[in-house]
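Architecture and fold: a report
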Amino acid sequence: MKETKNYEELLEELEDLKFQLKEANETLHAIRTGQIDALVVETEDGPQLYTLKSADHTYRVFIEKMKEGAVTLNRKGIILYSNSQFADMIDVPLAKVIGLPIIDFIPDQYKGKFKKMTEQGWESDSKGEIFLKSNSGKSIPFLLSFTSLELDEGTALSIILTDLTLQKENEKQLELKNQQLEAARLAAYKMNEELEDIVEERTKDLLISREYFKLLADNIPVIIWTATIDGKLDYVNRRWVEYTGFDVEESKTKQSELLHTDDVERSIAEWQTALKEKRKYEGEFRFKRAIDGTYRWHYSQAIPFKDEQGNITAWIGTNIDIDDQKKELEKKDEFIGVASHELKTPLTSLKGYIQLMEFQDNLSDEAKIYVTKATSSINKLQHLIDELLDASKIKAGKLKFKKHAFNLTQLVSLCVENSTYMYPSFKIKKELQEGIIAYGNDERIEQVLMNLINNAAKYSGDKKEIIIRAEKNNDSAMVSVIDFGIGMVNSDQELIFERFYRANGHESTMPGLGMGLYISSEIIKEHKGEIHVKSKLNEGSVFSFSLPLATQFAQTSDD
Ligand code: ADP
């Protein structure tokens, strides 16, 4: 039966316990601060006295201050001394740590290992890693450093415990980083290998396509060459070598020998312009043939070869021998020149006779109609012959005329007036800025303007409206002829000013030679002006030309 205690007895017991606690705390404090060098510990074999041989105060303070745990054990593994860090580590109040067997804080699976470590520690200074479990059940990795100490009553084992949690965490992080690094390295390696494969494949493709290119280039009867981005020759095909007698290296230094002296400067300038403006090169020059040393006309073109980003990486050029065609054309021009000249004399007398007939009194009405028709046909014929003569003059570089200041507004107005008589079914509107004084040849400008008006009427379809505009534009005068007729596609607009060129297949459907615009553009060029067309199929065309204003020139006429 349990003995019941009265109030006084309980009070006495409480006081006793309080005293014991105070005594224990004082003892601990005294040990830690070095005030005592010995203490009595209750063990299974009764009370035991422990003293430290070298109870150095300084060392104890160190031990208290250091962040590692420090314990001292007796042979039975009972904790004789612990610093407060160790107590904190295992989560047990410091007052309770002393006297406890340390094995209580070793997880079961490590108990064997710990035993071996302590045995070794008793023998000599040693170290080892192990997990300790705290009072709250947490496993903490520690590095244990064992040293046996000589105490008065025998040896004790001191253990310094370093918490490895942070270090282990760092090691884990490091390992993770290493793994990531290794994965990245592997990925880079793989990518590199793939890249190498692609490069190898591309190189193979490139070699094959180069071989194809060479095979093709060497087996067609056209001269083919390539140049670097800055225009230096770096490949010539077999035909080039056969024609010039030079390979690529020789050709690089023989440029002035290969081109006719009269063509060198112009051709180099044209090539440099194409390089600078990064656009297709087109040119004609005389190119020396090795076999007989003759210079033959060649038509040459080169297109820039661009990469995926649109940067030019090379130029690919071709030369075509056009000497025979050019000579044929020259012969034709010569023939046209002579023929039109020869035709002009009988035509002039024919015109004279017809005019004489017109004034005959006894002409029947029927004959009068024939005379009018003959006059109109003769006028058309004269127009054609004049065009042919002009064209051959242009080809021979003989289209020259005097220039002077003239009232462009008046000239345009006069042409509009004439056109209203010529094309009575048309509504011809003029939009003229007053008093434009241009510099040029008024007869030739009239010829250009009448050609544009005639075309506007001729290619009007069923839209019988024409607008004629003259205005000042900065330093030049600008004349435009606007129609709403059949118009033309872009590709035609680029070629329309060339000799004999006719758009929309007009060769077979409309009378004409395809010379009017060629002559007009040459006349305007001779005036240092410009001629343009803007057109849309089935919507109409705007032909414009510019002329210098008289204010820019000296009052005296030139050539
Ligand atoms: P021609 O009229 O004798 O053919 P041109 O040199 O005057 O010669 O004109 C060349 C070509 O340009 C014409 O054949 C025609 O196809 C086209 N052309 C000229 N003017 C116009 C225009 N106003 N509208 C549509 N096409 C035009």
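Here's what I pulled together on the structure shown here. (Residues numbered from 1 in each chain as written. Predicted model: local features only at pLDDT ≥ 70, side-chain atom pairs only at ≥ 80, totals over all residues. Heavy atoms only, no water.)

This part takes up the overall build of the chain. Of regular secondary structure, the chain possesses 17 helices and 19 strands. In terms of overall size, the chain is more extended than a compact globule, its C-alpha atoms giving a radius of gyration of 56 Å where 559 residues would be expected to give roughly 24 Å. Each principal axis of the C-alpha distribution contributes one length, and for the chain these read about 175 × 70 × 50 Å. Taking all 559 residues of the chain together, 36% fall into the buried category. Within the chain, residue pairs in contact and separated by at least 24 positions form 55% of the contacts whose partners lie at least 6 positions apart. Surface exposure of the chain reaches about 35100 Å², of which carbon and sulfur atoms provide 55%. If you average the places of the 73 positive and of the 94 negative side-chain charges in the chain, the two averages end up 7 Å apart. (Helix = DSSP H or I, 4+ residues; strand = E, 2+ residues; numbered from the N terminus. Rg over C-alpha atoms; globule rule 2.2 N^0.38 Å. Buried < 20%, exposed > 50% of the residue type's maximum accessible area, 1.4 Å probe, protein only. Contact = heavy atoms within 4.5 Å. Areas by Shrake-Rupley, 256 points an atom, 1.4 Å probe, with all protein chains shown as cover. Lys, Arg positive; Asp, Glu negative; His and termini not counted. Charge placed at Lys NZ, Arg CZ, Asp CG, Glu CD.)

This paragraph deals with the nonpolar core. Note on soluble globular proteins: their nonpolar side chains tend to be buried together. Membership of the largest hydrophobic core comes to 47 residues, with the highest contact counts inside it found for Leu-408 and Phe-545. Where this core is concerned, the elements lending two or more residues are α12 (365–395), α13 (408–422), α14 (442–458), β16 (465–473), β17 (476–483), α17 (516–526), β18 (531–536) and β19 (540–548). Counting residues per element, this core draws most heavily on α14, at eight residues. When residues of this core are assigned to domains, at least three map to each of domain 3 (327–395) and domain 4 (403–558). Setting aside chain neighbours within four positions, we find Phe-545 in contact with Ile-445, Val-448, Leu-449, Leu-452, Ala-477, Met-478, Val-479, Ile-524, Glu-530 and Ile-531. Core analysis: the second largest hydrophobic core is formed by 25 residues, Ile-79, Met-89, Ile-140 and Phe-142 among them. (Core = buried A, V, L, I, M, F, W, Y, C linked by side-chain atoms within 4.5 Å. Domains from an automatic or database assignment.)

Turning next to the packing of helix α11 (residues 323–358) against α12. The interhelical angle for the contact between α11 and α12, taken along N-to-C directions, is 155°, at an axis separation of 9 Å. Between α11 and α12, the angle is such that the two are roughly antiparallel. Pair α11 / α12 crosses with left-handed handedness. Residue classes in the contact of α11 with α12 are distributed as 13 nonpolar, seven polar and six charged. (Axes fitted to C-alpha atoms, helices over the stretch in contact; angles between N-to-C directions. Parallel < 35°, antiparallel > 145°, perpendicular 65-115°, else oblique. Left-handed = near helix turned anticlockwise from the far one by under 90°. Nonpolar A, V, L, I, M, F, W, Y, C, P; charged D, E, K, R; others polar.)

According to the stated counting rule, one finds 24 salt bridges in the structure shown. The residue Arg-296 makes a salt bridge to Asp-323 at a minimum N-O spacing of 3.7 Å. Here the residue Arg-296 occupies a position in strand β11 (residues 295–306), and Asp-323 occupies one in helix α11, the gap between them amounting to 27 residues. Between Asp-324 and Arg-296 there is a salt bridge, with the nearest N and O atoms lying 3.2 Å from each other. Remark: Arg-296 occurs in strand β11 and Asp-324 occurs in helix α11; sequence separation between them is 28 residues. The exposure class of Asp-324 is partly exposed, given its relative accessible area of 48%. Through salt bridges with shared partners, one network takes in Arg-296, Asp-321, Asp-323, Asp-324 and Lys-327. (Salt bridge = Lys/Arg side-chain N within 4 Å of Asp/Glu carboxyl O.)

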